[in-house]
Amino acid sequence: MQWIAAHQRKDGGWNFGFEETCRQCSNGGEHGSRIAATALALLPFLGAGYTHQADSPYKKLVDNGLFFLIKRSVEEQRGLALNHEGSQGMYSHGIASIVLCEAYAMSLQKQTKLSHAAQESLRFIENAQDRQGGGWRYRPNESPGDLSVSAWQIMALKSGKLAGLHVSQPTIYLANDFLESTAMDGGRRFNYLPDFNLRGTGPDSPKTSTATGLLLRMYLGWEPGDEMLDDGIATVAQWGPFNRKNDLSCNLYYVYYATLALHHYDNKYWKHWNSEIREFLIQTQSNRGHEAGSWYFPDHYCDTGGRLLNTVLAALILETPYRIMPLFRKPKQ
Ligand SMILES: [Zn+2]
């Protein structure tokens, strides 16, 4: 987290391509959205319980980051938009909306400005849903939705609901229909796009889609004991976190969703998975100069987000068991 903190810019935001501000660290990301970079960078801090109100060394960092996001947002008729940077804007919007909802939920004193921003960002998600298929894609109302972009929106809606904000039930029903349309084997596995025949060129390997789909299923109400869910989780546990044994590369995007899914499901697989991935991340963390404390794995998808995205995902994976953001708390705790 200190590495992430050291790469915050004066305006409170972050860049994926941080080479402009830091000439010492390699592997900046290619993606241009500062909203996405900033929202992602804030997630591990919120996850560890650092808010813009609670006294901590990161109070100012979180406060400035939130201020940056709100300043960049645009009030539209359909809600508060954070999707206007780049052609894959709904990614940025979903992640930023999660940050606003979680920061609001964890606030000691509820501020109207933040509650308004969080609520309005959710309204934008509702209005950007594909009315037919129920998913979300890069642009508002684009059809068909894909599982990767939809995941961030569904997590934002779930987070908003937990924070006591308004989320319309029809949106959730439709989102469920979308998940249903991406399910294979009755819901044991999931596909990146609704129709299996549609070729997905997205970031998601079948493993990532399956881990994402299973997690979202649980967020929308499936519980352990359901045969498809049980089978699906067993499959993910069997795949394990790595591409190959003794190979120091991995798709952190897949591991992120798989870790959340296994932790949420909470069973015999979790302990082994968690110790395996912890050991791996401790071993692969950079200890070179300014890069110390960060991670980078060359990967088709993660290259877009570069060292910042890799480091954020690694930090989120490591803090999964301790995370205190409402969205990631286990049910019935
Ligand atoms: Zn640096």
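Up top is the structure.
Residues numbered from 1 in each chain as written. Predicted model: local features only at pLDDT ≥ 70, side-chain atom pairs only at ≥ 80, totals over all residues. Heavy atoms only, no water.

**Student:** Could you give me a rundown of the coordination of the zinc ion, with the residues and numbers involved?
**Tutor:** Those protein atoms acting as donors to the zinc ion are H7 (NE2), C22 (SG), C25 (SG) and H290 (ND1), and they sit at 2.1 to 2.2 Å. Coordination at the zinc ion is tetrahedral: its four donor atoms span angles of 102 to 116 degrees at the metal. Spacing between the donor residues of the zinc ion along their common chain follows H-x14-C-x2-C-x264-H. A residue pair is termed long-range when its members are at least 10 positions apart, and H7 in the loop between α1 (2-6) and α2 (34-47) and C22 in the loop between α1 and α2 qualify at 15 residues. (Donors = N, O, S within 2.8 Å, 3.2 Å for Na, K, Ca; no water. Tetrahedral: all angles 85-135°; square planar, octahedral: opposite > 155°, others 65-115°. Helix = DSSP H or I, 4+ residues; strand = E, 2+ residues; numbered from the N terminus.)

**Student:** Talk me through the packing of aromatic side chains; I want residue IDs and the actual numbers.
**Tutor:** Scanning the entire structure with this criterion turns up ten aromatic pairs. The interplanar angle of 50 degrees and the centroid separation of 4.6 Å between the aromatic rings of F242 and F280 together place this pair among those described as tilted. Here F242, found in the loop between α9 (227-239) and α10 (252-265), pairs with F280, found in helix α11 (residues 268-284); they are 38 residues apart in sequence, far enough to count as distant. An identical accessibility class is assigned to F242 and F280; each is buried. (Phe/Tyr/Trp six-rings, centres within 6.5 Å; stacked < 30°, edge-to-face > 60°. Buried < 20%, exposed > 50% of the residue type's maximum accessible area, 1.4 Å probe, protein only.)

**Student:** How would you sum up the packing of helix α6 (residues 147-162) against helix α7 (residues 169-182)? Please name residues and give values.
**Tutor:** At a minimum axis distance of 11 Å, the contact between α6 and α7 shows a crossing angle of 145 degrees. The crossing of α6 and α7 is left-handed. Packed against α6, whose contacting residues are L147, S150, I154, L157 and K161, the element α7 presents Q169, T171, I172, A175, F178, L179 and T182 at the interface. Here the contact of α6 with α7 is built from residues that sort into seven nonpolar, four polar and one charged. (Axes fitted to C-alpha atoms, helices over the stretch in contact; angles between N-to-C directions. Left-handed = near helix turned anticlockwise from the far one by under 90°. Contact = heavy atoms within 4.5 Å. Nonpolar A, V, L, I, M, F, W, Y, C, P; charged D, E, K, R; others polar.)

**Student:** Mind laying out helix α3 (residues 59-72), listing which residues take part and the relevant values?
**Tutor:** What sets the pattern is the α-helix's 3.6 residues per turn: residues three or four places apart point alike. Compared with an ideal rise of 1.5 Å per residue, which puts 14 residues at 20 Å, α3 spans 20 Å between its outermost C-alpha atoms and is within 8% of the ideal. Inspection of α3 places L61, V62, G65, L66, F68 and L69 among the buried residues, and these make up the whole buried set. On an axial view of α3, the arc spanned by its buried residues comes to 155 degrees, and they lie on one face. Within α3, the exposed residues directed more than 90 degrees away from the buried face are K60 and K71. Check the buried side of α3 and you find it contacts α1, α2 and α4 (89-106). (Expected span 1.5 Å × (residues − 1). Arc of directions from axis to C-beta.)

**Student:** Which residues make up the nonpolar core, and what values go with them?
**Tutor:** Side chains of nonpolar character tend, in soluble globular proteins, to be buried together. Among the nonpolar cores identified, the biggest contains 100 residues, and W136, W152, Y257, W273, L281 and L308 are the most heavily contacted of them. Here the element with the most residues in this core is α10; it accounts for eleven residues. Residues in contact with W152, not counting those within four places in the same chain, are L40, L43, Y91, G94, I95, I98, Y253, Y256 and Y257. (Core = buried A, V, L, I, M, F, W, Y, C linked by side-chain atoms within 4.5 Å.)

**Student:** An account of the environment of T210 is requested, with residue identities and associated values reported.
**Tutor:** For T210, the position within the fold is in helix α8 (residues 206-219). Residues T210 and A183, spaced 27 residues apart in sequence, show a C-alpha to C-alpha distance of 8.5 Å. Polar side-chain contacts of T210 include one of 3.2 Å to the backbone nitrogen of F190. (Polar contact = N/O pair within 3.5 Å; in protein donor to acceptor, adjacent residues only side chain to side chain.)

**Student:** I'd like to hear about the packing of α2 against α3, residue by residue, with values.
**Tutor:** Packing of α2 against α3 brings their axes to within 10 Å, and their N-to-C directions diverge by 150 degrees. Comparing the axis directions of α2 and α3 gives the class roughly antiparallel. In terms of crossing hand, the pair formed by α2 and α3 is left-handed. Residues R34, I35, T38, A39, L42, F45 and L46 of α2 form the contact with α3, whose participating residues are L61, V62, G65, L66, F68, L69 and R72. For the contact of α2 with α3, the class distribution of residues is ten nonpolar, two polar and two charged. (Parallel < 35°, antiparallel > 145°, perpendicular 65-115°, else oblique.)

**Student:** Break down α11 for me, with residues and values.
**Tutor:** Relative to the 24 Å expected for 17 residues at 1.5 Å per residue, α11 spans 26 Å between its end C-alpha atoms, a close match to the ideal helical length. Taken together, the buried positions of α11 are W270, W273, N274, I277, F280, L281 and T284. Angular distribution of buried residues about the axis of α11 spans 140 degrees; they occupy a single face of the element. Pointing more than 90 degrees away from the buried face of α11 are the exposed residues K268, K271, H272, E279, I282 and Q283.

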